Amino acid sequence: QIEGAAEPLTASLIINRENELVDQKIQNFYQRLLHIISDPVFRYGDFLILDSPLEVFAYVRHWQEKTNLIVVNYSPNSISFPLSLNNQKPAIVDNKDIYYSLEDKLSGKAFIQSGSDLVNNKFFLTLKGYQIYIFGLMPYVDPPNLSSTRYNGKKDRDSGLNIFSNRMGFGF
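Position numbers for residues count from 1 along each chain, tracking the sequence in the order it is written. The predicted origin of the model limits local features to residues at a pLDDT of at least 70 and limits the giving and counting of side-chain atom pairs to 80 or more, whereas totals for whole chains, interfaces and linings rest on all residues. With hydrogens and water set aside, each side-chain value is computed from the structure's full complement of heavy atoms.

Caption draft 1: The arrangement of the overall build of the protein chain in detail. Numbering of helices and strands starts at the N terminus; helices are DSSP runs of H or I of at least 4 residues and strands are runs of E of at least 2. Secondary structure summary: the protein chain contains three helices and nine strands in total. Its helices and strands in sequence order give the protein chain the pattern α-α-β-β-β-β-β-β-α-β-β-β, from N to C terminus. Throughout, exposure labels follow a simple rule: accessible area from a 1.4 Å probe, protein chains only, divided by the maximum for the residue type, with under 20% read as buried, over 50% as exposed, and the rest as partly exposed. Of all 172 residues assigned to the protein chain, the portion counted as buried reaches 37%. Counted over contacts in the protein chain with a minimum sequence separation of 6, partners at least 24 positions apart contribute 56%. Methods summary: accessible areas were calculated by the Shrake-Rupley approach with a probe of 1.4 Å, and residue burial reflects only the protein chains presented. In the structure as shown, the protein chain presents an accessible area of about 11000 Å², 53% of it carried by carbon and sulfur atoms. Any two residues whose heavy atoms approach within 4.5 Å are treated as being in contact.

This is how it looks when you write it as structure tokens:
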């Protein structure tokens with residue numbers, strides 16, 4: 001249920017009629033989105049708005065052991081910008097040798113960034129027009145190196161972030 005209205009509203013997908021055409025990509029997107037936001041971190045978590053360009057809304061939700069970074073581009077144009085995750089709870093360690101994984105819950109892509117980059121405005125994102133990222137943020141204990149089988153040394157062409165795994169099975 002969606003709270004905050006005078007009367008609670010039920011959030012659900014509308015089942016299409018027999019002859020109604022449904023865009024399967026859009027339906028799948030909203031099914032994934034509803035599943036993601038059903039996580040208690042989106043209901044009970046602390047909410048912190050981050051500094052970002054006017055066209056972008058960026059915020060962090062943290063609850064218990066979960067931290068999510070949500071970044072939304074509200075314009076039709078692509079945009080690249082630095083983002084700082086300074087003053088987060090739990091604190092991100094400002095150290096170039098400590099890494100954090102950011103797994104996009106919509107695409108399944110996972111990325112790594114150093115703690116130093118995340119807190120010192122060296123974390124650059126590129127979003128296409130109307131693009132959204134919902135990142136799960138967690139410490140990464142196996143930093144990338146040449147012998148790592150999980151880090152392929154490539155940058156994602158859409159976000160500009162370092163690709164290190166694809167746990168959910170979606171293609172790059």
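Caption draft 2: A look at the pattern of salt bridges. By salt bridge we mean one thing: a side-chain nitrogen of Lys or Arg within 4 Å of a carboxyl oxygen of Asp or Glu. For the coordinates displayed, the defined rule picks out two salt bridges. Between Asp-39 and Lys-66 there is a salt bridge whose closest N-O contact spans 2.8 Å. Here the residue Asp-39 occupies a position in the loop between α1 (24–37) and α2 (41–44), and Lys-66 occupies one in strand β3 (residues 66–73), the gap between them amounting to 27 residues.

Caption draft 3: Examining the packing of aromatic side chains more closely. Centres within 6.5 Å make a pair out of two Phe, Tyr or Trp rings, where for Trp the six-membered ring is used; the pair is then stacked when the planes are under 30 degrees apart, edge-to-face when over 60, and tilted otherwise. Per the counting criterion, the structure on display carries seven aromatic pairs. Between Phe-47 and Phe-57, the ring centres sit 6.5 Å apart and the planes meet at 40°, which makes this aromatic pair tilted. Of this pair, Phe-47 sits in strand β1 (residues 46–49) while Phe-57 sits in strand β2 (residues 56–63), and the two are 10 residues apart along the sequence. Since its relative accessible area comes to 28%, Phe-57 is described here as partly exposed. Arranged with centres 4.8 Å apart and planes meeting at 15°, the rings of Tyr-133 and Phe-135 form a pair that is stacked. For Tyr-133, a relative accessible area of 3% puts it in the buried group.

Caption draft 4: Broad picture of the side chain of Ser-75. Residue position: Ser-75 is located in the loop between β3 and β4 (79–83). For Ser-75, a relative accessible area of 11% corresponds to the buried category. The contact partners of Ser-75, leaving out residues within four places of it in the chain, are Glu-55, Gly-129 and Tyr-130.

Caption draft 5: How the structure looks around the pairing of strand β8 (residues 132–140). Each pair of strands is called paired provided DSSP finds at least two bridges between the two strands. Relative to β8, β3 runs antiparallel, the two sharing five bridges. Pairing of Leu-69 across the sheet is with Phe-135, part of β8. The sheet contact formed by strand β5 (residues 99–104) and β8 spans six bridges and is antiparallel. Residue Tyr-99 lies in a different strand from β8, and its bridge partner there is Tyr-140.

Caption draft 6: Broad picture of the environment of Gln-113. Its place among the elements puts Gln-113 in strand β6 (residues 110–114). Using a relative accessible area of 7% as the deciding quantity, one classes Gln-113 as buried. Between the C-alpha atoms of Gln-113 and Tyr-99, which are 14 residues apart in sequence, the distance is 5.6 Å.

Caption draft 7: Main features of the nonpolar core. To define a nonpolar core, start from buried Ala, Val, Leu, Ile, Met, Phe, Trp, Tyr and Cys residues and group those joined through side-chain atoms within 4.5 Å. Counting residues in hydrophobic clusters, the biggest one holds 22 residues, and the most contacted among them are Leu-69, Val-71, Phe-81, Leu-83, Leu-85 and Leu-125. Those elements giving two or more residues to this core turn out to be β2, β3, β4, β5, α3 (115–119), β7 (123–127) and β8. In this structure Val-71 touches Val-56, Phe-57, Ala-58, Phe-81, Leu-83, Leu-125, Leu-127, Gln-131, Ile-132 and Tyr-133, once residues within four positions along its chain are discounted. One finds Leu-33, Ile-36, Tyr-59 and Ile-70 within the second-largest nonpolar core, a separate group that totals nine residues.

Caption draft 8: Inspection of the confidence of the model for the protein chain at higher detail. Note on scores: pLDDT gives the predictor's confidence for each residue, bounded by 0 and 100. Per-residue confidence for the protein chain gives a mean pLDDT of 78, with 72% of residues at or over 70. Note that residues 146–153 has pLDDT below 50 and, in this model, 12 contacts with residues that lie over four places away or in other chains. Segment residues 164–172: pLDDT under 50, and 31 contacts once partners within four positions in sequence are set aside and those in other chains are kept.

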